[in-house]
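# An overview of the molecular structure
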Amino acid sequence: MASITDDEFDRLLMTFDRESVHLETRDAYGTAVELPHMAQWAAGEPDDLEWLQGWCATLRDHVDAGRSVRRARVVSEPLSDYQRWSYSIAGPMVDAGEDIRWVPRRLVSSVAIPGNDFYLFDDRLVVFLHYAGNGLGTAKVTSTDPDDIQRCRTAFEAVWTLAIPHREYKPVEFG
């Protein structure tokens, strides 16, 4: 496996040919881009989501070119604060063409899932995402090993069959 830079990863997000699938399994992340916006949300302050518009434009370009972008989020319920925030901002991405689906963690007990979140591009390249305990990304490593690709494809599709489309998913509330 080879490490890649953030810039190399960003290029992959823009240049795949057919399909990008993304499996998320953590209850919290801490990306530098997201943290200030999540803090605004936590303080009850409005966010115009302008910072998401670049990604939404990319999604529209993918859809216009016939490319598919799917994301499955395996989440604990009730949702963590991070996932509640993430749920609250997913609409513009869905509107732009990303198929985001939610899977309550209790439903995936018998699904074999790789130990790290990943992106799979065109069934030819896997990018495993490594995180610190606080949710900050620490590395992105790639694999073209056919076994890794098949393992990730199988895991993603198994999760996807249990996944609830964003507009239909109703998070379980505390209480």
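So, a few notes on the structure that sits alongside this text. (Residues numbered from 1 in each chain as written. Predicted model: local features only at pLDDT ≥ 70, side-chain atom pairs only at ≥ 80, totals over all residues. Heavy atoms only, no water.)

## Quick word on the packing of aromatic side chains
Going by this rule: Aromatic rings from Phe, Tyr and Trp, with only the six-membered ring used for Trp, were paired whenever their centres fell within 6.5 Å, and each pair was classed as stacked if the ring planes differed by under 30 degrees, edge-to-face if by over 60, and tilted otherwise. Elements are defined by DSSP. Helices are runs of H or I of four residues or more, strands are runs of E of two residues or more, and each kind is numbered from the N terminus.
Applying the stated criterion across every chain yields a total of 12 aromatic pairs. Pairing Y29 with Y131 gives two aromatic rings, centres 5.1 Å apart and planes at 75 degrees, and the pair type is edge-to-face. With Y29 in the loop between β2 (19-24) and α2 (35-42) and Y131 in strand β6 (residues 125-131), this residue pair connects regions lying 102 residues apart in the sequence. Ring geometry for Y87 against W102: centres 5.5 Å apart, planes inclined by 65 degrees, an arrangement best described as edge-to-face. Pair noted here: Y87 is in helix α4 (residues 81-89) and W102 is in strand β4 (residues 99-104), with a separation of 15 residues, a long-range link.

## Let's talk about the environment of P146
Assignment of secondary structure puts P146 in helix α6 (residues 146-160). In the structure, P146 is positioned 102 residues away from G44 in sequence and 46 Å away in space, judged by C-alpha atoms.

## A closer look at the nonpolar core
Across soluble globular proteins, nonpolar side chains have a tendency to be buried as a group. Quick reminder of the rule: The definition of a nonpolar core used throughout is a set of buried Ala, Val, Leu, Ile, Met, Phe, Trp, Tyr and Cys residues joined through side-chain atoms within 4.5 Å. Partly exposed describes any residue whose relative accessible area lies between the buried limit of under 20% and the exposed limit of over 50%, with all areas from a 1.4 Å probe on protein chains only and scaled to the type maximum. Note on contacts: a residue pair is in contact if any heavy atoms of the two residues lie within 4.5 Å.
Counting residues in hydrophobic clusters, the biggest one holds 28 residues, and the most contacted among them are F9, M93, Y119, F121 and V127. For this core, the secondary-structure elements that each account for two or more residues are α1 (6-15), α3 (53-64), β3 (68-75), α4, α5 (91-96), β4, β5 (117-121) and β6. If we skip the residues at most four places from it in the chain, M93 touches L52, W55, C56, L59, R71, E98 and I100. Listed in part, the 18 residues of the second largest apolar core include V21, L23, L120 and V126.

Function-wise, these values are silent; they only describe arrangement.
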